[in-house]
Amino acid sequence: MNSISDSHFDLDHVLHELKHYLPAQAPLKDFIHHNTLHAFQTQKFHAGIQQAAALFGYKISLTLDEYRDLYRQGKIRKDVLRQIVIARKGAAEADRWVQDLLEKPLEDFARPVVGRLRRLWKTKYHLDLDNLVQPLLFRLLCSYLDQGISLWDFPAYGTSFLSSIREMERNSFSTFFHTKRARNLLKAGAVSVEDLLKIVVGDNPQLYQRYLFDQQFSHQGWSGLVSTIEDFPTTLLDAKKISLHDLVYIELLFEIDALDNELGKGWKPLSSVVEGALEEDFFAPTAATVQAEMLSLWQDAFEWSYYDSILAAIQYCDKTEPKRVDGKSFQAMFCIDDRECSLRRYLEQESPSCETFGTPGFFSVEFFFKPIDGKFVTKLCPAPVTPKYLIKEIGSNSLRKRDLHLSKSSHGLFRGFLISQTLGFWSAARLAWNIFRPSVGPASSSSFLHHDKVSKLTIENTGSESCQDGLQIGFTIAEMTQRVENLLRSIGLLEGFADVIYVVGHGSSSVNNPHYAAYDCGACSGRPGSVNARVICHMANHHSVRVALGERGIHIPLTTRFVGGLHDTTRDEIEFYDVEELTPKNFAAHKEHVIIFERALSANAKERSRRLELINTKDAAEKVHQKVKLRSVSLFEPRPELNHATNAMCIVGRRSMTRHLFLDRRSFMNSYDYRTDPEGKALLGILKAAAPVCGGINLEYFFSRVDNQKLGAGSKLPHNVMGLVGVANGADGDLRPGLPSQMIEVHDPVRLLIVVEHFPAIVLQVIQSHPETYEWFINEWVHLVVYQPEEGHHYHFKDGGFKRYDPLMDHVDARLEMVSVLETQEDNIPIYQIN
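The structure displayed is predicted, hence computed values, not measured ones.

### Topic: the overall build of the protein
Alright, step 1. Of regular secondary structure, the protein possesses 26 helices and 21 strands.
Alright, step 2. Scaling as 2.2 N^0.38, a compact globule of 835 residues should have a C-alpha radius of gyration of about 28 Å, and the protein matches this with 29 Å.
Alright, step 3. Taking the principal axes of its C-alpha atoms as reference, the protein extends roughly 85 × 80 × 55 Å.
Alright, step 4. A burial count over the protein gives 58% of its 835 residues as buried.
Alright, step 5. Accessible area for the protein stands at about 35,300 Å²; split by element, carbon and sulfur atoms hold 54% of it.

Shown next, in the form of structure tokens:
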């Protein structure tokens, strides 16, 4: 067969484009939130999502009826809507546009571009090629990539996906194919993707790129996973060699085989039935339509109706609250996670003299972690970071719980039969009992089991065992000093240290939840932050580190001790580590602080229960807390917690900006003191992380909410776990990207608003110094507002500059809306709610 590789069709370029547009679908164990439509981020937000809709048929906003319902409910304010229309369309056209927004119907959008060519198999040949090819293809992919569900390894283990299938075809009596041609093409080895495309599509290279996009986006979940594994092989513990090229190659062979089998050898390639011209460049910017413009106006009005009241409340709060808490009872650092927002508020309410901070939950220490009985190392830092350090767990004699039902012996013929006839009956009884009395089992995912609290960690590099697998074991004194300094300077804690400072990571607990990694700490690559908390506390308590910090101007008193902890956000429980190292005085204070934490956790659980079904929120906080704990171990509970649902803000500044504001668990909170960072050096590090991490979380929730079928995962109830790498509906379905409906049902799809306390000129210099970060703001995938602390005014970043923004809502009304406090009669615990 003659090769057509000398044509203008460039396979490498097409594969590169495919990888750019496919979902960044990572395996379940590394569920990292990201902007689902990252490929369009080089464009302005509304233009980018409109092109995504035209290209792939995604829903990219709420419907017109949903926006109008929000308007009637008052969640989209009349004054804000009119202001948005005037800013975009001018005062003269405002009345007409507002009337159209409220009354004019919308037409249906045209069919997406991707999929039109390959749809001809159905319309012209009356063949469902997806149904003929994909079941076998998906089973092969799942078996090859399997990470532990299968009892046997994939044949020809250790070779690439394509090589494995070719070797199986050469050495087996059975075959994956129905006809000889496809099998012979595979065995030949010298046949290229272009050669296969010539058979399927015809001698028209201009259609090849379009066909491959149609083909791969007919199962974007599997294609996205393959693309991610190809780029990041270490994302699989049991590494596999697979590429998008191999997937395309095998799928084209299966298509040729299906066509030969169904139509006989006389069928003509697809180009022979194409009627009319198909666009050559289907990536060209999409022309704006009236419908798209109306939806974008509604979206902006929805977002700024919320932002406006928040910004007004911040102005009022900052002008009336003290800047520094004197005589601190204790200090506590939490992750910036929006779920910690309410716990911090309750701690400050229970102990007004305490001081809380927010910082990314890996606490400035990046490393791989190896549990004492672990076979693999896991990353405990942000996903883009590649650590060169290893922390090992040692000195633990605790045995992990085991369940005989999950033993490998249950898979054998005789032992399996014996177990099913004995323990099997008990298992059925226990399952029924668990409906009424849920309890923790060996199969439960618990954040507290990430490591053993009584174990020791190899934090300090002693030189006796300096390296393992190319990683340095532990940190030197200089390296520890630098990380403690980075942490303290980033949050502005350079003086006024309390005697006890808590560093609290977070994780979650659940049962029967394949998306469990999405509930843990994103800054720790989807894992609990307990080890990070212990590591940074050990460093900060180290005498040599304290001496080195003193030489750098940070003087931590000898009486100050750092204590690590872990907050389970599902159960609202905290476990503290290494408290036996506290002095008697600090230990006595710690016992008093534990009582404060417990009261705050119960109040936090009660507040969270407002959004949880089957819980009477009027019960006493302790009773509600017990019910919340039961949800975390219930096999039949699809919503043990709602994770980042409703997230909408990220505040970078001093706690005085928001100390008594009720933000309804909607805000990431990163502590930062502009006075200690006049040039914005620390601010750059914060925004480099906040934009992609918090923005990525926000946008994944956004797009999973507006299009849960294509950009989300649908309902988790029918999900099947496929090879421990993804979830699908049924045994032969495509992998589901995005978030399940149970995580986004209560979410309001608004873009993230980042509020930074500093001077606008400094912030502008900071974001312009880093193009990747600047892209988030200049293209408005994330909104940016600077709060000028000396003037007390807000400045909104738009079109490359800052312009003063004066909230439309009166600050008194904003405070009444955001800070309403009602005393409950049952337990006298303040419950904050929006009127």
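So, next bit.
### Things to note about the pattern of salt bridges
Alright, step 1. Under the criterion given, the structure shown has 48 salt bridges.
Alright, step 2. With a shortest N-O distance of 2.8 Å, Glu 348 and Arg 655 are connected by a salt bridge. Taken together, the residues span a long stretch of sequence, with Glu 348 in helix α15 (residues 340-350) and Arg 655 in the loop between β12 (649-653) and β13 (667-671) at a distance of 307 residues.
Alright, step 3. Judged by its relative accessible area of 3%, Glu 348 falls in the buried class.
Alright, step 4. Given the relative accessible area of 12%, Arg 655 is considered buried.

### Comments concerning helix α18 (residues 530-541)
Counting along an α-helix, one turn takes 3.6 residues, and residues three or four places apart therefore face a common direction.
Alright, step 1. Taking 1.5 Å per residue as the helical rise, α18 with its 12 residues ought to reach 16 Å, and the 17 Å between its terminal C-alpha atoms agrees with that figure.
Alright, step 2. Of all 12 residues that make up α18, 11 are buried, and the element is covered over most of its length.
Alright, step 3. What α18 keeps buried is the set Ser 530, Val 531, Asn 532, Ala 533, Arg 534, Val 535, Ile 536, Cys 537, Met 539, Ala 540 and Asn 541.

### Comments concerning the packing of aromatic side chains
Alright, step 1. Summed over the entire model, instances satisfying the criterion amount to 31 aromatic pairs.
Alright, step 2. Taking the centre distance of 6.1 Å and the plane angle of 55 degrees together, the rings of Tyr 21 and Phe 56 count as tilted. Separated by 35 residues along the polypeptide, Tyr 21 in helix α1 (residues 11-21) and Phe 56 in helix α2 (residues 45-56) bring together distant segments of the chain.
Alright, step 3. Classification of Tyr 21 as buried rests on a relative accessible area of 12%.

### Describing the sheet that holds strand β17 (residues 783-788)
Alright, step 1. Strand order in the open sheet formed by 6 strands is β13-β12-β16-β17-β18-β19, with mixed pairing between adjacent strands. The sheet is open, and its two borders are formed by β13 and β19 (801-805), each paired with just one other strand. Neighbouring strand axes in the sheet, compared pairwise and without regard to direction, differ in orientation by 25 degrees on average.
Alright, step 2. Bridging between β17 and strand β18 (residues 793-798) involves 4 bridges; their strand directions are antiparallel. Residue pairing for β18: Val 785 is matched across the bridge by His 796.
Alright, step 3. This element, helix α22 (residues 681-706), spans β12, β13 and β16 (753-757) of the sheet and lies at about 160 degrees to β16.

### Things to note about the nonpolar core
Alright, step 1. One finds Leu 37, Tyr 211, Met 333, Phe 367, Phe 703 and Ile 754 to be the most contacted residues of the largest nonpolar core, which totals 213 residues.
Alright, step 2. Per element, the largest residue contribution to this core is 14 residues, and it comes from helix α14 (residues 290-320).
Alright, step 3. The contact partners of Phe 703, leaving out residues within four places of it in the chain, are Asn 35, Thr 36, Leu 37, Phe 45, Ile 49, Leu 711 and Trp 781.
Alright, step 4. In this structure, Ala 332, Phe 576, Val 579 and Leu 582 belong to the second largest nonpolar core, which totals 20 residues.

### Overview of the sheet that holds strand β10 (residues 561-568)
Alright, step 1. The mixed open sheet is built from 5 strands, whose spatial order is β2-β1-β9-β10-β11. This sheet does not close on itself; its edge strands, each paired only once, are β2 (355-359) and β11 (573-577). With strand direction ignored, the average angle separating the axes of adjacent strands in the sheet is 25 degrees.
Alright, step 2. Where strand β1 (residues 331-335) and strand β9 (residues 500-507) come together, 4 bridges link them in parallel fashion. Residue pairing for β9: Gln 331 is matched across the bridge by Ile 501.
Alright, step 3. The strands touched by helix α17 (residues 477-491) are β1 and β2; relative to β2, the strand with the most contacts, the crossing angle is about 110 degrees.
Alright, step 4. In this fold helix α20 (residues 584-608) packs onto β1, β9, β10 and β11, with an angle of close to 160 degrees to the strand it touches most, β11.

What counts, and where the lines are drawn
Residues numbered from 1 in each chain as written. Predicted model: local features only at pLDDT ≥ 70, side-chain atom pairs only at ≥ 80, totals over all residues. Heavy atoms only, no water. Helix = DSSP H or I, 4+ residues; strand = E, 2+ residues; numbered from the N terminus. Rg over C-alpha atoms; globule rule 2.2 N^0.38 Å. Buried < 20%, exposed > 50% of the residue type's maximum accessible area, 1.4 Å probe, protein only. Areas by Shrake-Rupley, 256 points an atom, 1.4 Å probe, with all protein chains shown as cover. Salt bridge = Lys/Arg side-chain N within 4 Å of Asp/Glu carboxyl O. Expected span 1.5 Å × (residues − 1). Phe/Tyr/Trp six-rings, centres within 6.5 Å; stacked < 30°, edge-to-face > 60°. Pairing = 2+ DSSP bridges. Axes fitted to C-alpha atoms, helices over the stretch in contact; angles between N-to-C directions. Contact = heavy atoms within 4.5 Å. Core = buried A, V, L, I, M, F, W, Y, C linked by side-chain atoms within 4.5 Å.

This is a description of form; function is not addressed.
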